[in-house]
Amino acid sequence: MALQWTVRQYLDSASRRRFLACSGGVLIAGTAGCTGIVNSLADLALGDVNLFNETDDTLTGTVTITDSADETVLSDAFELPPASGDEDAEEKDDEDGMTAYEDVWTDSRAYDARVELDDDPAIQVESATSSSITIDNPSEEMLAIVFGGEEFDDTIGFTVGESLSDLAQA
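Each value, and the rule that gives it
Residues numbered from 1 in each chain as written. Predicted model: local features only at pLDDT ≥ 70, side-chain atom pairs only at ≥ 80, totals over all residues. Heavy atoms only, no water. Phe/Tyr/Trp six-rings, centres within 6.5 Å; stacked < 30°, edge-to-face > 60°. Helix = DSSP H or I, 4+ residues; strand = E, 2+ residues; numbered from the N terminus. Buried < 20%, exposed > 50% of the residue type's maximum accessible area, 1.4 Å probe, protein only. Contact = heavy atoms within 4.5 Å. Pairing = 2+ DSSP bridges. Axes fitted to C-alpha atoms, helices over the stretch in contact; angles between N-to-C directions. Core = buried A, V, L, I, M, F, W, Y, C linked by side-chain atoms within 4.5 Å. Salt bridge = Lys/Arg side-chain N within 4 Å of Asp/Glu carboxyl O.

Participant: Go over the packing of aromatic side chains, please, and point to the residues and values.
Facilitator: Under the criterion given, the structure shown has 2 aromatic pairs. Here the aromatic rings of Phe-78 and Phe-147 are separated by 5.9 Å at their centres, their planes lie at 40°, and the arrangement is tilted. Of this pair, Phe-78 sits in strand β3 (residues 72–80) while Phe-147 sits in strand β7 (residues 142–147), and the two are 69 residues apart along the sequence. You'll find Phe-78 and Phe-147 in the same group, each marked buried. Note on Trp-105 and Tyr-111: the rings are 4.8 Å apart at their centroids and 55° apart in plane angle, and the pair reads as tilted. Neither residue differs from the other here; Trp-105 and Tyr-111 are each classed as buried.

Participant: If you had to explain the environment of Glu-140 to someone new, which residues and values would you point to?
Facilitator: Relative to the assigned elements, Glu-140 resides in the loop between β6 (128–135) and β7. Overall, Glu-140 belongs to the partly exposed group, its relative accessible area being 42%. Remark: the alpha-carbon pair of Glu-140 and Asp-48, spanning 92 residues in sequence, is separated by 8.4 Å. Here Glu-140 is in contact with Gly-161 and Glu-162, once residues within four sequence places are set aside.

Participant: Which residues make up the sheet that holds strand β1 (residues 49–53), and what values do they have?
Facilitator: Spatial ordering of the open sheet is given by β4-β1-β7-β8, a layout of 4 strands whose pairing is mixed. In this open sheet, the two strands that pair with only one neighbour each are β4 (98–101) and β8 (156–161). Taking each pair of neighbouring strands and ignoring which way they run, the sheet shows an average axis angle of 15°. Relative to β7, β1 runs parallel, the two sharing 5 bridges. Among the inter-strand pairings, Leu-51 is bridged to a residue of β7, identified as Ile-145.

Participant: Quick one: what's the story with the nonpolar core, residue by residue and with numbers?
Facilitator: Counting residues in hydrophobic clusters, the biggest one holds 22 residues, and the most contacted among them are Ile-65, Phe-78, Ile-145 and Phe-147. Counting only elements with at least two residues in this core, the list comes to β1, β2 (59–67), β3, β5 (109–117), β6, β7 and β8. The greatest single-element share of this core, amounting to 4 residues, is contributed by β5. Discounting residues that sit within four places of it in the chain, Phe-147 has contacts with Leu-51, Phe-52, Asn-53, Glu-54, Thr-55, Leu-59, Phe-78, Leu-80, Val-115, Leu-117, Thr-155 and Ile-156. Formed by 8 residues, the second largest nonpolar core is a distinct cluster that contains Leu-46, Met-98, Ala-144 and Leu-167.

Participant: Report on the sheet that holds β6, specifying residues and quantitative values.
Facilitator: Taking strand neighbours across the sheet as the criterion, the 4 strands line up as β3-β2-β5-β6 in an open arrangement whose pairing is antiparallel. Lying at the two open borders of the sheet, with one neighbouring strand each, are β3 and β6. The mean angle between the axes of side-by-side strands here comes to 15°, regardless of whether they run parallel or antiparallel. Here 7 bridges tie β2 to β5, and the two strands are oriented antiparallel to one another. Within β5, the residue paired with Ile-65 across the bridge is Ala-113.

Participant: With reference to specific residues and values, describe the pattern of salt bridges.
Facilitator: All chains considered together, the criterion is met by 3 salt bridges. In this structure, the salt-bridge partner of Asp-67 is Arg-109, at a minimum N-O distance of 3.1 Å. One end of the pair, Asp-67, is in strand β2; the other, Arg-109, is in strand β5, with 42 residues separating them in the sequence. In this structure Arg-109 comes out as partly exposed when scored by relative accessible area, which is 23%. A salt bridge links Glu-116 to Arg-114, with the shortest nitrogen-to-oxygen separation between them at 3.1 Å. Of the residues examined, Glu-116 reaches a relative accessible area of 40% and is grouped as partly exposed. Look at Arg-114 and you get partly exposed, because its relative accessible area is 31%. Look at the salt bridges and you will find they share partners, linking Asp-67, Asp-107 and Arg-109 into a network.

What follows is the structure in structure tokens.
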């Protein structure tokens, strides 16, 4: 009887260990796949050029992209509300701190991205800046222009990547 009890305890504890090991493996595999899922969903919302407002103010201004032949491929005025940190907030019609522009890149080449903000003393970011960027794969790469992002040295940051993960690792 004691031997039967010991074998049963061993099998039960082995089953628990096996279950915990399998559960941990599934959790790790599921977490690893989350990045791919998040990037796939983000690709639906992101465009070639994406503006992100991480300040507390609504920003208005103009974004202009010119190619290496000095042709304007994007010039648009924007009004960009701040991103809300409250996920439970009511849905709004605006993009919640983000706007995207599609079909900007014409070829693999260098581009000049320029942002000019309307004068507003409440805004704690520079009023105009530009950056030269290179797009090697126009069907995959996108530009993020981030206002007030902590990951940038300047108050307006520019980064190029193929996914939301790439853009977030600036």
